[in-house]
Amino acid sequence: MKKQAYERPMIRKMNTGLMNKFGTKTENEVLSHIESVPVKSLLREYGSPLFVMSERQLRRNIQNAYRIFKTRYPKVQFAWSYKTNYLNAVCRVFHQEGSWAEVVSGFEYNKAVQNGLPGNQIIFNGPDKSNEYLLQAARNNSLIHIDHYDELYTLIQLSEEHQLKPRVAIRINMDTGIYPKWDRFGFNFENGQAWNAITRIMNAKQLDLVGLHCHIGTFMLSTNAYATAAKNLCELAWNIKERYGKNLQYIDLGGGFPSTNTLKGAYLPGTDTVPSIDQIADAITDVILGYGFKQEELPLLILESGRALVDDAGYLLGTVLATKRLSDGRRATILDFGLNSLFTSLWYEHKLSPAQELGDQTEEMTLFGPLCMNIDVVRESIVMPLLKKGDQVVVHKVGAYNMTQWMQFITLRPNIVMIDMENRPHLIRKAETLDYINSQELMPDYLNQEQQ
Ligand SMILES: *Cc1c(COP(=O)(O)O)cnc(C)c1O
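Residues numbered from 1 in each chain as written. Predicted model: local features only at pLDDT ≥ 70, side-chain atom pairs only at ≥ 80, totals over all residues. Heavy atoms only, no water.

Undergrad: Looking at this structure, how should I read the overall build of the chain?
TA: On a plain count of helices and strands, the chain comes out with 13 helices and 21 strands. In terms of overall dimensions, the chain has C-alpha extents of about 100 × 70 × 45 Å along its principal axes. The 452 residues of the chain split such that 52% are buried. Taking the intrachain contacts of the chain between residues at least 6 apart in sequence as the baseline, contacts between residues at least 24 apart amount to 68%. (Helix = DSSP H or I, 4+ residues; strand = E, 2+ residues; numbered from the N terminus. Buried < 20%, exposed > 50% of the residue type's maximum accessible area, 1.4 Å probe, protein only. Contact = heavy atoms within 4.5 Å.)

Next up, the structure:
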């Protein structure tokens, strides 16, 4: 008889349905359906991995946000932040619900145009606006938010050359008590740069200053920061009225409201710690209403919330490729999606649910993606039931930034489906193919000859 190879014995800690330090284990609840559609059938029909958007949740989120702000303030306008998720189907839902578009490149600008938005409902932000796109936006009567002096001077010159009078605002950066400061965008409030830029615009007859803008950060955990931002914009608007007798049409407080995801290293889950939209709305509207504007002169309040309106409407479905033990004995589970599709796993401890019953036994494990890249980790450490090859999982709250920041690295990008109000799935973006990738490549003639 052949002698068996020696294997080092190993003691593993297994948990069976224990509570964690916060009480019950919600992490391991099975999620077998999304908006009544079985996960299993979605994966069978559209392949794995698969992004799924819920139209119902999108509409619920934007309707809720409008209700919260409109019950506190008379004039409110949301503008959908394209870079957060610019799938056309998603943008159209937001536009149907009364959102304008907030874009930060010429490419996004024309996406908004092609989604049927009139020019005067497109806000053009960001530090990168070419002359061509500045002219297009000016001719379309869009709202151009100036980021720096070079852009200001370019716009003055273009407007003179082409006899235009674009509607503009400036972006303001400031100290809101959040560090590091986001002072690379726009003009600084505290050092007088913002007022200087305003003076130049008021003196340049070619520009029509209609608003003030700020976007103080993303995933903001402080409502005070919004109160400070609102106060500073009101102060500038007030001074413009005093000095020039001009009432600004709007102030735009940007986005940055947090979603209920859990940030890496956070002790408590995001659902328990992030401020609600109600609290942020209170902070902003209390300041504006209390500032002293006459009722009829209250500025329109524009909000560019992205993440908070879309994150929980997106799911990523996937399949276990394999399990293994790392050299130190830790359990490893390898999934068919990783950093390539789930860019936000760099920031979030994403919640994952098994899509089928797996038994009570759980173990701490690392979830890896499929890439040949060491940092391709979906969760460093998570206690889950013992997943095995072929099991299906659902990642929650992935609607923000993943479908715009995803990488075509090693694998192709997967299908995206939207489930409509009657619970019917629709393919809204096709999985990429080898032909699609190759269609952008060109072969120089000298490399195209037959091999000898
Ligand atoms: C990205 C961005 C937004 C949206 O930010 P969220 O954090 O997703 O709400 C809004 N305005 C500007 C100018 C942005 O760059």
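Undergrad: Would you explain the pattern of salt bridges in this entry?
TA: Side-chain pairs of opposite charge can arise where the charged atoms are in close proximity. In this structure the tally under the stated criterion is 17 salt bridges. The salt bridge partner of R56 is E35, with a shortest N-O separation of 2.8 Å. Here R56 is found in helix α2 (residues 55–70), whereas its partner E35 is found in the loop between β2 (33–34) and β3 (37–38), with 21 residues between them in sequence. Owing to a relative accessible area of 22%, R56 belongs among the partly exposed residues under this scheme. Each of the salt bridges in this network shares a partner with another, and the network as a whole consists of E55, R59 and E97. (Salt bridge = Lys/Arg side-chain N within 4 Å of Asp/Glu carboxyl O.)

Undergrad: Looking at this model, I keep getting lost on helix α4 (residues 106–114). Mind explaining?
TA: Every α-helix carries 3.6 residues per turn, so stepping three or four residues along brings you back to the same face. Those residues of α4 lying buried are G106, E108, Y109, K111 and A112. Those residues of α4 that are buried are in contact with α3 (88–96), β6 (100–103), β7 (122–124) and α5 (131–139). Backbone geometry just downstream of α4 places G116 in the positive-phi region, at approximately 90°.

Undergrad: I keep staring at α2 and nothing clicks. Help me out?
TA: Its 16 residues place the ends of α2 22 Å apart at the C-alpha level, agreeing with the 22 Å of an ideal helix rising 1.5 Å per residue. Among the residues making up α2, those that are buried are E55, Q57, L58, R59, N61, I62, A65, Y66, I68 and F69. (Expected span 1.5 Å × (residues − 1).)

Undergrad: Would you explain the side chain of N85 in this entry?
TA: If you trace the backbone, N85 turns up in the loop between β5 (76–81) and α3. Under the relative-accessibility criterion, N85 is labelled buried at 0%. Separated by 3.1 Å, the side chain of N85 and the backbone oxygen of G399 make a polar contact. Here N85 is in contact with M53, W80, V90, C91, V310, G399, M403 and T404, once residues within four sequence places are set aside. (Polar contact = N/O pair within 3.5 Å; in protein donor to acceptor, adjacent residues only side chain to side chain.)

Undergrad: I'm lost on the site of the ligand in this one. Help?
TA: Residues in contact with the ligand amount to 16 residues; listed here are only the nearest, K83, T218, G256, E304 and Y401. At a separation of 2.5 Å, an oxygen atom of the ligand approaches a polar side-chain atom of T218. A distance of 2.6 Å separates a nitrogen atom of the ligand from a polar side-chain atom of E304. For the ligand, whose unbound accessible area comes to 390 Å², protein coverage reaches 95%. (Near = heavy atom within 4 Å. Areas by Shrake-Rupley, 256 points an atom, 1.4 Å probe, with all protein chains shown as cover.)

Undergrad: So what exactly am I meant to see when it comes to the nonpolar core here?
TA: Side chains of a nonpolar character, in soluble globular proteins, are inclined to be buried together. Membership of the largest hydrophobic core comes to 106 residues, with the highest contact counts inside it found for F69 and I284. The residues that make up this core include at least three from each of domain 1 (33–52 + 312–432) and domain 2 (55–311). Setting aside chain neighbours within four positions, we find F69 in contact with V76, F78, F257, I277, A281, I284, T285, L301 and L303. Of all hydrophobic cores here, the second largest spans 14 residues; its members include L43, L50, V52 and V417. (Core = buried A, V, L, I, M, F, W, Y, C linked by side-chain atoms within 4.5 Å. Domains from an automatic or database assignment.)

Undergrad: Please clarify how the pairing of strand β17 (residues 361–368) should be interpreted in this entry.
TA: In the case of a regular strand, side chains alternate between the two sheet surfaces. Where burial is concerned, most of β17 is hidden: 6 out of the 8 residues are buried. Judged from the 4 bridges that link them, strand β15 (residues 331–335) and β17 form a sheet pairing that is parallel. Each residue of the ladder has a partner; that of T333, found in β17, is L367. (Pairing = 2+ DSSP bridges.)

Undergrad: Any chance you could explain the packing of α4 against α5 here in plain terms?
TA: Any two packed helices are characterised by the angle at which their axes cross and by the distance between the axes. Between α4 and α5, the shortest axis-to-axis distance is 10 Å and the interhelical angle comes to 30°. On the basis of the axis angle, α4 is roughly parallel to α5. Crossing of α4 against α5: the hand is left-handed. Contacts between α4 and α5 involve G106, Y109 and N110 from the first element and Y133, Q136 and A137 from the second. (Axes fitted to C-alpha atoms, helices over the stretch in contact; angles between N-to-C directions. Parallel < 35°, antiparallel > 145°, perpendicular 65-115°, else oblique. Left-handed = near helix turned anticlockwise from the far one by under 90°.)

Undergrad: Would you mind going over the packing of α2 against α3 with me for this structure?
TA: For the pair α2 and α3, interaxial distance at closest approach is 10 Å and the crossing angle is 40°. When the axes of α2 and α3 are compared, the pair comes out oblique. Every pair of crossing elements has a handedness; the one defined by α2 and α3 is right-handed. Across the interface between the two elements, E55, L58, R59 and I62 of α2 pack against V90, V93, F94 and Q96 of α3. Each residue belonging to the contact of α2 with α3 can be placed in one class, and the counts come to 5 nonpolar, 1 polar and 2 charged. (Nonpolar A, V, L, I, M, F, W, Y, C, P; charged D, E, K, R; others polar.)

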